[in-house]
Amino acid sequence: MRQSWWKFLAIALLLYTLIAGLLMDVPRLPILNETIRALYFHVTMWFGMILMLVAAVYYSIKYLRTNDIRHDDMAIEFTNSAILFGVLGIVTGMLWAKFTWGDYWSSDPKQNASAIGILMYFAYLVLRNSLTDSQQRARIGAIYNIFAFAAFIPLIFVLPRLTDSLHPGNGGNPGFNAYDLDSKLRAVFYPAIIGWTLLGSWIATVRVRMRRVERTIEDRMINS
């Protein structure tokens, strides 16, 4: 129970996010109106994704320093969780865009950059699965993971700001902090980030345990 407190916290925060995010009052902003509730899901999932990618890079570096395959387990599964939340973030963003911009995909620079970023991490999975030697797979995967993250951050946060964009805070559009990201929004927004991040970490740790059990079974079959 003591080691599972953060799982209960994740459940509580996500229940709060769902209930408060759908039922609490929100500011009536031009164009956005009630659709601003998507902020609690679309944006917060991507913040959670970024934090999971940071964890994946951390374990990739630890693997390169130690050659301990357990660190590679953590790196790949945190990346898998991040990809899941990245895809969910894009889907929720498309639904939000349909109601605010009139189309699911408007070739907005940030939309395109997000899609390219997710494709980079799909390529990471393809690369890993193409290698048969576990140590080679872990080593090359770790190097790719580090460089992919180094390219992903400017792709998502820097390049869209250099051109016109429909997204708040890009291309001259004011960001949410500049108008009406008030206390009501913050009361749900920040707990949602923590909740989604904890859920992603929970998924990653479960997958790591499954991966290690599978490896143990394979080793026993080889040795027998």
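Residues numbered from 1 in each chain as written. Predicted model: local features only at pLDDT ≥ 70, side-chain atom pairs only at ≥ 80, totals over all residues. Heavy atoms only, no water.

## Let's talk about the overall build of the chain
Move 1: Counting its regular elements, the chain contains six helices and zero strands.
Move 2: When the helices and strands of the chain are read in sequence order from the N terminus, they spell out α-α-α-α-α-α.
Move 3: Expressed as a percentage of the 224 residues in the chain, the buried residues total 44%.
Move 4: Within the chain, contacts between residues separated by at least 24 positions form 73% of all contacts whose residues are at least 6 apart in sequence.
Move 5: In the form shown here, the chain has an accessible surface area of approximately 12,300 Å², with 66% of it arising from carbon and sulfur atoms. (Helix = DSSP H or I, 4+ residues; strand = E, 2+ residues; numbered from the N terminus. Buried < 20%, exposed > 50% of the residue type's maximum accessible area, 1.4 Å probe, protein only. Contact = heavy atoms within 4.5 Å. Areas by Shrake-Rupley, 256 points an atom, 1.4 Å probe, with all protein chains shown as cover.)

## Some thoughts on the side chain of Asp108
Move 1: Here Asp108 lies in the loop between helix H3 (69-100) and helix H4 (109-129).
Move 2: Of the side chains bearing the opposite charge, Lys110 lies closest to the buried Asp108, which forms no salt bridge; the N-O distance is 7.7 Å.
Move 3: Of note is the side chain of Asp108, whose polar atom sits 3.0 Å from the backbone nitrogen of Lys110. (Lys, Arg positive; Asp, Glu negative; His and termini not counted. Salt bridge = Lys/Arg side-chain N within 4 Å of Asp/Glu carboxyl O. Polar contact = N/O pair within 3.5 Å; in protein donor to acceptor, adjacent residues only side chain to side chain.)

## Here's the deal with the packing of aromatic side chains
Move 1: Inspection of the entire model under this criterion finds 10 aromatic pairs.
Move 2: Centre to centre, the rings of Trp46 and Phe152 are 6.1 Å apart; their planes meet at 20°, and the pair counts as stacked. Of this pair, Trp46 sits in helix H2 (residues 42-66) while Phe152 is found in helix H5 (residues 134-158), placing the two residues 106 residues apart along the sequence. Taken individually, Trp46 and Phe152 each receive the classification buried, so the pair is uniform in this respect.
Move 3: Three or more aromatic residues link up through ring pairs in this structure, and these residues are Phe41, Phe85 and Trp196. (Phe/Tyr/Trp six-rings, centres within 6.5 Å; stacked < 30°, edge-to-face > 60°.)

## As for the UniProt feature "transmembrane region" (unreviewed entry) in the chain
Move 1: When the UniProt feature table is mapped to this numbering, "transmembrane region" (unreviewed entry) covers residues 40-61, 82-101, 113-131, 143-162 and 187-206.
Move 2: Secondary structure content for residues 143-162 is 80% helix and 0% strand, while the C-alpha to C-alpha distance between its ends is 28 Å.
Move 3: As a span, residues 187-206 carries 100% helix and 0% strand, and end to end its C-alpha atoms are 29 Å apart. (UniProt positions renumbered as here; feature names shortened; annotations may be inferred.)

## Description of helix H1 (residues 5-23)
Move 1: Over its 19 residues, H1 runs 27 Å from end to end, which matches the ideal 27 Å to within 8%, given 1.5 Å per residue.
Move 2: What H1 keeps buried is the set Trp6, Lys7, Ala10, Leu13, Leu14, Thr17, Ala20 and Gly21.
Move 3: Check the buried side of H1 and you find it contacts helix H6 (183-223). (Expected span 1.5 Å × (residues − 1).)

## A short note on the environment of Trp196
Move 1: Tracing the backbone through its elements, the reader meets Trp196 in helix H6.
Move 2: The buried category is assigned to Trp196, whose relative accessible area is 11%.
Move 3: The spacing of Trp196 and Ala10 is 186 residues in sequence and 7.4 Å in space, taken between C-alpha atoms.
Move 4: What Trp196 contacts, discounting residues up to four positions off in sequence, is Leu14, Tyr40, Phe41, Thr44, Met45, Met52 and Phe85.

## Looking at the confidence of the model for the chain
Move 1: Predicted confidence across the chain gives a mean pLDDT of 87, with 88% of residues reaching 70 or more.
Move 2: No element of the chain has a lower mean pLDDT than H6, at 90, and none a higher one than H2, at 96. (pLDDT = per-residue confidence, 0-100.)

## Let's talk about the nonpolar core
Move 1: By size, the foremost hydrophobic cluster in this structure holds 41 residues, and its most contacted members are Trp46, Met49, Leu53, Phe78, Tyr121, Phe152 and Trp196.
Move 2: Of all the secondary structure elements, the ones that give two or more residues to this core are H1, H2, H3, H4, H5 and H6.
Move 3: Per-element tally for this core: the top contributor is H2, with 10 residues.
Move 4: With sequence-adjacent residues up to four places away left out, Trp46 is seen in contact with Phe85, Gly86, Gly89, Ile90, Ser114, Ile118, Phe152 and Ile156. (Core = buried A, V, L, I, M, F, W, Y, C linked by side-chain atoms within 4.5 Å.)

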